[in-house]
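Coordinates in review
Chain residues, written in single-letter form:
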Amino acid sequence: MLKIPPPHPEANFTTGYEFTPGSDYALPAYPFAAPPELSTGQVVRHAVVIVGGGITGLTLACSLAHLGVASVLLDEDNTVGVKGAASRGICYTQKSLEIFHKLGIYERIAKKGIQWSVGRTFAGDDEVYSFDLRQQNNFNLSTQPPFINIQQFYIEGYLVERIYELGHADLRWKSRVTAFEQNADFATLTVETPAGSYQLEADHVIDASGAHTPFHQWVGATMQTDHGDDRWCIADVRFSTHPPVERHTWIEAPFNENRAVWQHLMADDVWRIDYQMAPNADPDYVSREDVVRERLQRQFGEDVQVEIVWVGPYAYRSRCLDQLRVGRVFFMGDTAKVVCPFGARGGNTGVADADNLAWKLAAVLRGRAHPTLLESYNDERLEAAQQNLTVTNRTARFLRPADGMERCFRNAAIGLAKQHPFARSLVNTGRMAVANTYTRSHICESTGGLSVQNVAFHWADGSQGAVNDLLRWAAGDLLVLVFGKLPAAGIQRLRQLAAHAPVRSVQVLGSDDLPQAREHVRDVNTRGMGHLQGACHVFGHAWAIVRPDGYLAATGEAVDSDLIAAVEKSLGMH
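Read on for an overview of the structure. (Residues numbered from 1 in each chain as written. Predicted model: local features only at pLDDT ≥ 70, side-chain atom pairs only at ≥ 80, totals over all residues. Heavy atoms only, no water.)

With that settled, consider the overall build of the protein chain. Along the protein chain, the regular secondary structure elements total 15 helices and 26 strands. Its C-alpha atoms give the protein chain a radius of gyration of 25 Å, near enough to 25 Å, the size a compact globule of 574 residues would have. Its C-alpha atoms give the protein chain principal-axis dimensions of roughly 75 × 65 × 45 Å. For the protein chain, the proportion of its 574 residues judged to be buried stands at 57%. Sequence-distant contacts in the protein chain: of pairs separated by 6 or more residues, those separated by 24 or more amount to 71%. Taken as a whole, the protein chain presents about 23500 Å² of accessible surface, with 49% of it coming from carbon and sulfur. Positive and negative charge centroids in the protein chain, built from 53 and 64 side chains respectively, lie 3 Å apart. (Helix = DSSP H or I, 4+ residues; strand = E, 2+ residues; numbered from the N terminus. Rg over C-alpha atoms; globule rule 2.2 N^0.38 Å. Buried < 20%, exposed > 50% of the residue type's maximum accessible area, 1.4 Å probe, protein only. Contact = heavy atoms within 4.5 Å. Areas by Shrake-Rupley, 256 points an atom, 1.4 Å probe, with all protein chains shown as cover. Lys, Arg positive; Asp, Glu negative; His and termini not counted. Charge placed at Lys NZ, Arg CZ, Asp CG, Glu CD.)

A few words now on empty space enclosed by the protein. Throughout the structure, instances matching the rule amount to six cavities of 30 Å³ or more. Taken as a whole, the largest cavity spans an internal volume of roughly 110 Å³. Along its surface, the largest cavity is lined by 13 residues, and N348, A352, V434, A435 and N436 are the ones closest to its centre. Among the elements of the structure, α3 (94–103), α9 (347–365) and α10 (375–399) are those that each provide at least two residues to the lining of the largest cavity. A total of three residues in the lining of the largest cavity trace back to one element, the largest contributor, which is α9. For the lining of the largest cavity, the per-class residue count stands at five nonpolar, six polar and two charged. When its volume is computed, the second largest cavity comes out at roughly 70 Å³. Together, K95, E98, I99, K102, D355, V452, N454, V467, N468, L471, D549 and G550 line the second largest cavity. (1 Å grid on protein atoms, 1.4 Å probe; cavity = no way out; pocket = protein on both sides within 12 Å on 5 of 7 lines; lining within 4 Å. Points joined across faces, edges and corners; volume = space filled by probe spheres on them. Nonpolar A, V, L, I, M, F, W, Y, C, P; charged D, E, K, R; others polar.)

Let us look at the sheet that holds strand β4 (residues 114–116). Strand order across the open sheet formed by three strands is β3-β7-β4, with antiparallel pairing between neighbours. The open sheet is flanked by β3 (91–93) and β4, the only strands paired with a single partner. Within this sheet the neighbouring strands show an average axis-to-axis angle of 30°, counted without direction. Direction of pairing for β3 relative to strand β7 (residues 147–149): antiparallel, over a ladder of three bridges. Paired with T93 across the strands is F147, a residue of β7. Strands β3 and β7 of the sheet are contacted by α3, whose axis makes an angle of about 75° with β3. (Pairing = 2+ DSSP bridges. Axes fitted to C-alpha atoms, helices over the stretch in contact; angles between N-to-C directions.)

That is the geometry; function is a separate question.
Take a look at the structure:
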């Protein structure tokens, strides 16, 4: 019987800085259990094997479990987080929060994390740019906030808890993959554990083991790589007096030798301060406790009372695979791409990778979609990776411009932004992540490929629901939302469609319209406004096909053959 571990513990901090990897964050330890293959000696075939128990692999395992699909997850460690890598990701976007809401862990994240929407950017002592994400149309409709700051290991811990609650996923800790081969029928993995080595087979292998994965070499994956010389030093600290709960960035911080600085609040009253260092900075020196404290005093004053939780230097590179699927192996998260850490486009895109692939694997394994549906993962998530790479590289070049034209542009943008509002959008300290649009997907019509925000509505009985509730009700099938009055012929077509395809249909009405379908909702929220139609990017009498990952497959007007064709296309049948 599966043993459920205790809840994820609170973080525990020491009062001083020790350069011992992970010593200042208390992480949960999960028990190793010898897999049955070791005792039976049999090589078992599994439909899905996930390699890597970070935020991406755990999101995939949880998403599959949510859809009732079994998987095996292999992780070489027995905890969450990465020892020696501090809090890692801290800023989680609205799209990720919507995915976590669908999976059932959003409330835990919201209770623990810090919500923010205001960001301010400074050059020297002057504020040159500010924004409030709640005032922007691409953030203000969802039931989830624009961002929540929380240490990555908390989310990973909540995902483990949820996986144990749901079942279906076999989490195998202290299991390192040491060899791999694949053929036309299956893949074979050799796994090393404290109790010995064994082999298992898989129909589909998902590599979410991180940037240093051996799978790239094993399958001959090719990639584009760009090594930068930018150097940074993280300081995770607690203050006796709080700075404002806002995202503050300095392009040229006078207290950091006119280099960039980031300032974020996370859970447990811990602040993440990122300091840009000189390109030739010595990592050991810049992360020494006395040097870090001196840096903090220059920023916050000599009398600042600060508790150092964790310190670590880092550098980064940009990398993107040429293909995210090679044979039976799918790459996601940091195995698929590594981007500069600006705008929260790292871990969040891994969460989106997992959400994208999960429903497709589930549909194919259940026999509800053609196997070619899986090819669309590469179409969609490679485009997203390339988009994020382009955006973050532009930020990196703005923050550390080359001498000549780049530096001239930055100086001009900063100077103009101090006096003229039109120039403030040119100041680039990180374009905050949004749900990527898919323009190259072979399973989306030209009207599809857009994310649908998790907006609120009223059920037929007057209670409030949200888009994720409809997706959960659809249970992995496509969701067809039909807005407004339906002709008799349209009702009949929808009934026939539901009888022959994995589709659930819902009529969406205004506050006073008479329903024509048993499954209907009203596009009215608690404020008496309707946002569901706008979230689906349609107007008037129309229909929208919403995929299980909350993306539009297509939209149209009449319930006719175009709708049928769009359903077939979105399931990989064209």
